[in-house]
Amino acid sequence: MKRRPESIINLELGFADKDRTLSLLNLLSKDGTVAVNIMRARITEDSAWLVLELCGEESRVLDVAKLLTDAASVNGPVGPLFSRAS
């Protein structure tokens with residue numbers, strides 16, 4: 001059986017609902033066809049900002065990317081995930 005090449009997609013997403021975000025990540029952690037690597041995260045009482053790396057078969061990676069992008073309230077680079085007081 002021929003093995004298909006692995007695809008990798010990087011996403012930076014903001015979610016207004018932290019609980020929905022965590023339930024999505026929990027659901028995806030049980031999916032054996034795609035690996036969701038959390039590269040950076042900032043989770044507050046209400047919201048979540050995530051930098052994710054999706055790895056797996058191209059069609060499944062694209063499906064998961066669409067699922068996450070549709071669920072997100074902000075897509076794309078948003079600046080630093082952490083702010084420090086000066």
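In this text, all values refer to a predicted model and were calculated from it rather than measured experimentally.

Chemist: Explain helix H1 (residues 18-29) to me, and be specific about the residues and the numbers.
Modeler: End to end, H1 covers 16 Å across twelve residues, agreeing with the expected 16 Å (1.5 Å per residue, within 8%). Structurally, H1 contributes buried residues whose contacts are with strand S1 (6-15), strand S2 (34-43), strand S3 (48-57) and helix H2 (58-71). The N-cap of H1, judged by a side-chain oxygen 3.1 Å from the amide nitrogen of Asp19 a few residues on, is Asp17.

Chemist: Hey, could you go over H2 for me, with residue numbers and the actual values?
Modeler: Each turn of an α-helix holds 3.6 residues, which means side chains three or four residues apart point in the same direction. A rise of 1.5 Å per residue sets the reference length of H2, with its 14 residues, at 20 Å; its end C-alpha atoms lie 20 Å apart and thus fit the reference within 8%. Val61, Val64, Ala65 and Leu68 are the residues of H2 that are buried. On an axial view of H2, the arc spanned by its buried residues comes to 105°, and they lie on one face. Of the exposed residues in H2, those oriented more than 90 degrees away from the buried face are Lys66 and Asp70. Among the structural elements, S1, H1, S2 and S3 are those in contact with the buried residues of H2.

Procedures and definitions
Residues numbered from 1 in each chain as written. Predicted model: local features only at pLDDT ≥ 70, side-chain atom pairs only at ≥ 80, totals over all residues. Heavy atoms only, no water. Helix = DSSP H or I, 4+ residues; strand = E, 2+ residues; numbered from the N terminus. Expected span 1.5 Å × (residues − 1). Contact = heavy atoms within 4.5 Å. Polar contact = N/O pair within 3.5 Å; in protein donor to acceptor, adjacent residues only side chain to side chain. Buried < 20%, exposed > 50% of the residue type's maximum accessible area, 1.4 Å probe, protein only. Arc of directions from axis to C-beta.

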